Amino acid sequence: MNILVIVAHPDDEVLGMGGTILKHAKKGDNVSIAYLTTGIASRRSTNYKTNSKYEITKKQENDVKKQIIELQKDAKKVCKLLKVKKTVFYDFPDNELDTVSLLKIIKTIEDLIMEIKPERIYTSHFGDLNVDHRIVYESVLTAIRPHEMKVKELLCFELLSSTEWSFSYDFKPNYFIDIKNEIENKVNAMKLYKNEIRKYPHPRSIESIKHTAGKWGTVSGFIAAEAFQLIRKFEK
């Protein structure tokens, strides 16, 4: 099976479905991941912390460019650990996808789908607090409209520090994948994002990742699980 994961930022893939990615790879599925934005520039900072100022100096801009390259290197290490076949990086503006023509994003995704020909696509949830996550979902859904792209299944996942911070919380999972044997590698993958991981009780902490897998496990009868919302499925 050809699997395509479309996310806004490096680390979204691990937080949302790191265990499932590895599980697909173990089964022999071809997993591709597309990162649509640079994933870091919106912080307007050179120390990986969020700066409240919007405008930045030329020096800060150059430093952020170096951070983007470093983040992509981390993403490649993650994909190697999770046995991903193909990674694609785009350079849409981080946390400013709402400044880009939606048609341009849709066409980018259409081209990607034509190349990879996925049977199943995973992406972020439509109710997320993060604007990039919402726009990625909307763009994917438009790109795979039934009469244009014959993608059989579309599922979306929650993203820690985004989905649960949206009020009201609209993530309603109805599809669960057992990741008992993959949870440790999911944690190890997140550790490779050395500048994105946070200390507990932040949602992007190791403890939170494990707690969340355990929570969805209790919902589905597994030791550890990842949860998804099945948006659409076609079957002949």
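Look above for the structure.
Overview of the structure. (Residues numbered from 1 in each chain as written. Predicted model: local features only at pLDDT ≥ 70, side-chain atom pairs only at ≥ 80, totals over all residues. Heavy atoms only, no water.)

Let us now look at the side chain of threonine 108. Inspection of the secondary structure puts threonine 108 in helix α3 (residues 102-116). In this view, threonine 108 contacts Tyr90 and Phe92; residues no more than four positions away in its chain are not counted. (Helix = DSSP H or I, 4+ residues; strand = E, 2+ residues; numbered from the N terminus. Contact = heavy atoms within 4.5 Å.)

Moving on, we get to helix α1 (residues 12-26). Spanning 15 residues, α1 covers 20 Å between terminal C-alpha atoms, matching the ideal 21 Å at 1.5 Å per step. The largest bend along α1 reaches roughly 80 degrees and is located at glycine 18. For α1, the buried fraction is high: 13 of the 15 residues fall into the buried class. With its phi angle positive at about 95 degrees, glycine 28 sits one or two positions after the end of α1. (Expected span 1.5 Å × (residues − 1). Bend = angle between axes of the 7 residues up to and from the residue. Buried < 20%, exposed > 50% of the residue type's maximum accessible area, 1.4 Å probe, protein only.)

What follows deals with the packing of helix α2 (residues 58-81) against helix α5 (residues 183-192). It is the contact of α2 with α5, at a shortest axis distance of 8 Å, that shows an interaxial angle of 165 degrees. Regarding the angle of α2 to α5, the classification is roughly antiparallel. Here the hand of the crossing between α2 and α5 comes out right-handed. Of the residues in α5, those in contact with Asp74, Lys77, Val78 and Leu81 of α2 are Asn185, Asn188, Ala189 and Leu192. (Axes fitted to C-alpha atoms, helices over the stretch in contact; angles between N-to-C directions. Parallel < 35°, antiparallel > 145°, perpendicular 65-115°, else oblique. Left-handed = near helix turned anticlockwise from the far one by under 90°.)

Core analysis: the biggest nonpolar cluster contains 37 residues, and Val5, Ile21, Ile33, Leu82, Tyr122, Phe157 and Tyr193 have the highest contact counts within it. When contributions to this core are tallied by element, the ones reaching two or more residues are β1 (2-7), α1, β2 (30-37), α2, β5 (153-157), α5 and α6 (206-220). With 6 residues, the single largest contributor to this core is α2. For isoleucine 21, the contacting residues outside a window of four places in its chain are Val5, Glu13, Val31, Ile33, Leu82 and Val84. (Core = buried A, V, L, I, M, F, W, Y, C linked by side-chain atoms within 4.5 Å.)

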